[in-house]
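The residues making up each chain are set out below.
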Amino acid sequence: MVKAALYAALLLCALHAAAGRAPANTVRTALVSLCDPAKIATLTSDRAANPRVRKIAYWLEVARQQGRDPQAEMDAVMEAVGWGGTLKGELTSKAMVRNRIIAERLGCLDEEGMERMRRGASPTVKRGPYAGEKLHVDHIIPRSVSPALDLVLANLELMPASLNYRKGRKVGQRQVDLANKLHAASALSASDRDVVLERQIRGYDGDES
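Residues numbered from 1 in each chain as written. Predicted model: local features only at pLDDT ≥ 70, side-chain atom pairs only at ≥ 80, totals over all residues. Heavy atoms only, no water.

Novice: Please clarify how the overall build of the protein should be interpreted in this entry.
Specialist: In terms of helices and strands, the protein carries 10 helices and two strands. Counting helices and strands in the order they occur from the N terminus, the protein gives α-α-α-α-α-α-α-β-β-α-α-α. Within the protein, the proportion of its 209 residues that are buried is 45%. Restricting the contact set of the protein to residue pairs at least 6 apart, pairs at least 24 apart contribute 66%. As presented, the protein carries roughly 10100 Å² of accessible surface, and 55% of it is formed by carbon and sulfur atoms. (Helix = DSSP H or I, 4+ residues; strand = E, 2+ residues; numbered from the N terminus. Buried < 20%, exposed > 50% of the residue type's maximum accessible area, 1.4 Å probe, protein only. Contact = heavy atoms within 4.5 Å. Areas by Shrake-Rupley, 256 points an atom, 1.4 Å probe, with all protein chains shown as cover.)

Below, the structure is given as structure tokens:
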């Protein structure tokens, strides 16, 4: 059993090291594929974009380990997918870079966490008051409020499981601000934006994010 555990640890280290040596074009190609709007549009199941968010955080960390700026990398990816210089591209780019930072601050970028995120799986929080919890993908504007945003990367944020459950279907000023920005970016219709605004006015609490 000890030998098996040692082998597993060595394997994870090897995978992590190999990722750090991935050619720059491999990293860029992976990120472009994960962020490609045409590919995302083909997803059909609920929360189907969630694994992509974890994979994007993984590849941005690989880029950072190679000495490249994650924000500059994501900006280049937005150019490649045709969103360069647009508000939609800016919102998406900043959201994905923020997710890498969240994963880092929560201690999810160790060998085990990196290997799980490479496969799109949830890593375990290793640092802070939420240590031991799974790192979920939260819909900033809840799916129950705006199903149209289920696959919009700019609406997806990494969050410890208990915080995700606690947030539920609440709509506050952050959700309203994002709804207005997504509408301005042509990522959310006026009618769907108004639903978010109305939900804030009426107030609602629930258990689905």
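Novice: How should I be thinking about the nonpolar core in this particular structure?
Specialist: Note on soluble globular proteins: their nonpolar side chains tend to be buried together. With 36 residues, the main nonpolar core has Ile56, Trp59, Met74, Leu153 and Leu158 as its most contacted residues. Looking at this core, the elements with two or more residues in it are α2 (24–35), α4 (50–65), α5 (70–80), α6 (87–105), α7 (111–118), β1 (135–139) and β2 (156–160). Of all the elements, α4 adds the most residues to this core, at eight residues. What Ile56 contacts, discounting residues up to four positions off in sequence, is Leu31, Leu34, Cys35, Met74, Met96 and Leu153. (Core = buried A, V, L, I, M, F, W, Y, C linked by side-chain atoms within 4.5 Å.)

Novice: Sorry if this is basic, but what is going on with α7 here?
Specialist: Among all positions in α7, only Gly113, Met114, Glu115 and Met117 are buried. Taken from the residues just after α7, Gly120 is the one with a positive phi, measuring 85°.

Novice: Sorry, what's going on with the pairing of β1 here?
Specialist: Regular strands place side chains that alternate from one sheet face to the opposite one. Buried residues dominate β1, accounting for five of its five residues. Summarising the sheet, β1 and β2 pair through five bridges and their orientation is antiparallel. Opposite Asp138, over in β2, you have Glu157 as the bridge partner. (Pairing = 2+ DSSP bridges.)

Novice: Would you mind going over the pattern of salt bridges with me for this structure?
Specialist: A side chain with one charge can pair with a side chain of the opposite charge if their charged atoms come near. What the rule picks out here adds up to 17 salt bridges. Between Asp150 and Arg143 there is a salt bridge; the shortest N-O distance is 3.1 Å. Of the residues examined, Asp150 reaches a relative accessible area of 8% and is grouped as buried. Under the relative-accessibility criterion, Arg143 is labelled buried at 12%. Residue Arg193 pairs with Asp194 through a salt bridge whose shortest N-O separation is 2.9 Å. Because the salt bridges share partners, they merge into one network encompassing Glu61, Arg64, Arg100 and Glu104. (Salt bridge = Lys/Arg side-chain N within 4 Å of Asp/Glu carboxyl O.)

Novice: Help me understand the confidence of the model for the protein in this model?
Specialist: Note: predicted coordinates in regions of low pLDDT should not be interpreted at a detailed level. In this model, the protein carries an average pLDDT of 90, and 87% of its residues clear a pLDDT of 70 or more. Contacts for the low-pLDDT stretch residues 4–16, under 50 throughout, to residues beyond four places or in other chains number nine contacts. (pLDDT = per-residue confidence, 0-100.)

Novice: How should unusual backbone geometry be read in this particular structure?
Specialist: Most peptide bonds adopt trans geometry, and most residues besides glycine take a negative phi value. Phi at Arg47 takes a positive value of approximately 60°, unusual for a residue other than glycine. A relative accessible area of 33% places Arg47 in the partly exposed class. The backbone phi angle of Ser186 is positive, close to 65°, even though this residue is not glycine. Here Ser186 shows up in the loop between α9 (173–184) and α10 (190–202). Accessibility expressed as a relative area gives 63% for Ser186, which makes it exposed.

Novice: Can you help me understand the packing of α2 against α4 in this one?
Specialist: For any two helices packed against each other, the geometry comes down to the angle between their axes and how far apart the axes lie. Where α2 contacts α4, the axes come no closer than 10 Å and their chain directions differ by 160°. With respect to α4, the axis of α2 lies roughly antiparallel. The element α2 and its partner α4 pack so that their crossing is left-handed. Contacts between α2 and α4 pair Thr26, Val27, Ala30, Leu31, Ser33, Leu34 and Cys35 from the former with Arg52, Lys55, Ile56, Trp59, Leu60, Val62 and Ala63 from the latter. Counted by class, the contact of α2 with α4 contains 10 nonpolar, two polar and two charged residues. (Axes fitted to C-alpha atoms, helices over the stretch in contact; angles between N-to-C directions. Parallel < 35°, antiparallel > 145°, perpendicular 65-115°, else oblique. Left-handed = near helix turned anticlockwise from the far one by under 90°. Nonpolar A, V, L, I, M, F, W, Y, C, P; charged D, E, K, R; others polar.)

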